[in-house]
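Listed below are the residues making up each chain.
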Amino acid sequence: MKSITRQVGEHVGNADLSTIARLRAVQTRSISPENFDGSAGGGGRATEGTGAACARDLGAGWKISPSVDIAAGETFDLASIQGPGKITHIWITTHKDNWRTLLLRAYWDGSAEPAIEVPYGDFFCSGWGEFAQVNSQVIAANPHGGFNSYWPMPFADGARLTLENLSTVSVRVYYQITYEIGGDYAGLGYLHTQWRRSNPLEYLKTHVLVEGVEGAGHYVGTYLAWGVNSNGWWGEGEIKFYLDSDEDYPTICGTGTEDYFGGAWNFDVPGRGYTEYSTPYLGLPQVIRPDGLYVSQQRFGMYRWHLPDPIHFASRLRVDIQALGWRSGWRYLPLRDDIASTALFYLDRPTARRPRTPTADDMEVHLGTAPVPDLGAQPPRMPD
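Residues numbered from 1 in each chain as written. Predicted model: local features only at pLDDT ≥ 70, side-chain atom pairs only at ≥ 80, totals over all residues. Heavy atoms only, no water.

K.L.:
Mind showing me how you'd approach the overall build of the chain here?
P.N.:
Across its full length, the chain carries three helices and 27 strands. Against the compact-globule benchmark of 21 Å for 384 residues, the chain has a radius of gyration of 21 Å, which places it among compact chains. Seen along its three principal axes, the alpha-carbon backbone of the chain occupies a region of about 70 × 50 × 40 Å. At a minimum sequence separation of 6, the contacts of the chain that also span at least 24 residues come to 75%. In the chain, the 32 positive side-chain charges and the 43 negative ones have mean positions that sit 1 Å from each other. (Helix = DSSP H or I, 4+ residues; strand = E, 2+ residues; numbered from the N terminus. Rg over C-alpha atoms; globule rule 2.2 N^0.38 Å. Contact = heavy atoms within 4.5 Å. Lys, Arg positive; Asp, Glu negative; His and termini not counted. Charge placed at Lys NZ, Arg CZ, Asp CG, Glu CD.)

This is the structure in structure tokens:
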């Protein structure tokens, strides 16, 4: 296996405007249902696909294969790339009912274990199955479910991206994965994720975002899908980063949940209440309010990207967050909320210890506003 571990402590970021005019001896390739292997001159040649009937009067080259259907229980290879390179952009879309039934994985350098294993929607800051606009540097979620990732994903000897359909129905997915080859990717870390859900969080326990990671790298991002199970303010807890030799006490300790995500004073603008925002590096783009009927709980979506301020570690990483509210007498109340976290970090190796693979039940959120999740789902999910 070729190494791309040199200088992993240097941040892997997007090209800034000052470098965009620099000429580089690389080639751009793109994988989509119109060019499954990304080959040069290979696009638009499909003669069969999900758009063939629509193009029956026009013929080859006229959107014959814009999407793929993934059967229930099946895993589909979105992309398989040989040799060194770097994924620079992913655009993908599917119906919102599939955002928590699809499992996204990425494998680097021929590894049998994935470095990225996360519910599809959570990777794109959309863990609740409802659309919210996200305007950030590395993730953009656009109407109505056009998901974009600009996370740089370098690899030394091949990349494989897959989607597993954990639902009971076939799903249709449109996608395009753009990457470059021919460059020097030495010294770049591999992108990893860890996804965990506490539903509900155990009493007097913290929610773990990352644990068991060994190696050198830097932590670059957090997305939380937080469901509140009690009245009152829920974000008094601190996030903690245990780096290298830290054991009982962390090197980095936050001051409160909304503080970590760049907000303040409960995200509560007087007269407006919880107020959504989305910026290049941090945001609270989603506030789902109770409807007085079947949508009974408040739910929130938050992200924090450590792009100009990555958190470096040399040998080990652990991250957790408290869930605290208030009880009488100005005392903290340990909460038992529904917390799902997606943590992103670059590491000097293509595989790392990770949580167990989530099941469909682990990932599930209630579809829509009906009393039974399957009612009104698209496509229909009828009783067996």
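After presenting the structure, the write-up continues.
K.L.:
Please explain the nonpolar core as it appears in this structure.
P.N.:
The nonpolar side chains of a soluble globular protein tend to be buried with one another. By size, the foremost hydrophobic cluster in this structure holds 56 residues, and its most contacted members are Ile87, Ile92, Trp108 and Trp151. When residues no more than four places from it in sequence are discounted, the contact partners of Ile87 are Ile81, Trp108, Trp151, Pro152, Met153, Phe155, Leu161, Ile177, Thr178 and Tyr179. (Core = buried A, V, L, I, M, F, W, Y, C linked by side-chain atoms within 4.5 Å. Buried < 20%, exposed > 50% of the residue type's maximum accessible area, 1.4 Å probe, protein only.)

K.L.:
Sorry, what's going on with a nonpolar patch on the surface here?
P.N.:
Judged by side-chain polarity, Trp326, Trp330 and Tyr332 come together as a nonpolar surface patch covering roughly 430 Å² of accessible area. Structurally, the position occupied by Trp330 is in the loop between β25 (324–327) and β26 (331–334). Judged by its relative accessible area of 75%, Trp330 falls in the exposed class. (Patch = residues over 30% accessible without salt bridge, like charges linked within 9 Å, V, L, I, M, F, W, Y side chains within 5 Å. Areas by Shrake-Rupley, 256 points an atom, 1.4 Å probe, with all protein chains shown as cover. Salt bridge = Lys/Arg side-chain N within 4 Å of Asp/Glu carboxyl O.)

K.L.:
Please clarify how the sheet that holds strand β3 (residues 75–81) should be interpreted in this entry.
P.N.:
Strands in a sheet are paired, the pairing made by backbone hydrogen bonds, and the direction either parallel or antiparallel. On the basis of which strands lie adjacent, the open sheet formed by four strands has the order β3-β11-β5-β6 and antiparallel pairing. Sheet topology places β3 and β6 (116–119) at the edges, where each strand pairs with a single neighbour. Across the sheet, the mean angle separating the axes of adjacent strands is 15° when strand polarity is ignored. As paired strands, strand β5 (residues 102–108) and strand β11 (residues 159–165) are joined by seven bridges and run antiparallel to one another. Following the sheet pairing, Leu103 is matched in β11 by Glu164. (Pairing = 2+ DSSP bridges. Axes fitted to C-alpha atoms, helices over the stretch in contact; angles between N-to-C directions.)

K.L.:
Explanation requested: the pattern of salt bridges in the structure shown.
P.N.:
Side-chain pairing between opposite charges can occur once the charged atoms of the two side chains come close. Applying the stated criterion across every chain, the model contains 19 salt bridges. Its salt-bridge partner being Arg172, residue Asp69 comes within 2.7 Å of it at the nearest N-O pair. Of the two residues, Asp69 is situated in strand β2 (residues 68–70) and Arg172 in strand β12 (residues 171–181); the sequence distance between them amounts to 103 residues. The class of Asp69 is partly exposed, set by a relative accessible area of 40%. Classification of Arg172 by relative accessible area gives partly exposed; the value is 37%. Here Arg197 makes a salt bridge to Asp338, at a shortest N to O gap of 2.7 Å. In this pair, Arg197 is assigned in strand β13 (residues 190–198) and Asp338 in strand β27 (residues 338–347), connecting sequence segments 141 residues apart. Summarising the burial analysis for this pair, Arg197 and Asp338 share the class buried. When salt bridges that share partners are traced, they join Arg105, Glu113, Glu117, Glu164 and Arg354 into one network.

K.L.:
Even after reading the chapter, I still don't get the sheet that holds strand β17 (residues 252–253), so can you show me in this structure?
P.N.:
Read across the open sheet, the four strands follow the order β14-β24-β16-β17; overall the sheet is antiparallel. With partners counted over all chains shown, the strands left at the sheet margins are β14 (207–214) and β17, one partner each. In terms of strand pairing, strand β16 (residues 239–243) meets β17 through two bridges, oriented antiparallel. Of the residues in β17, the one forming a bridge with Phe241 is Ile252.

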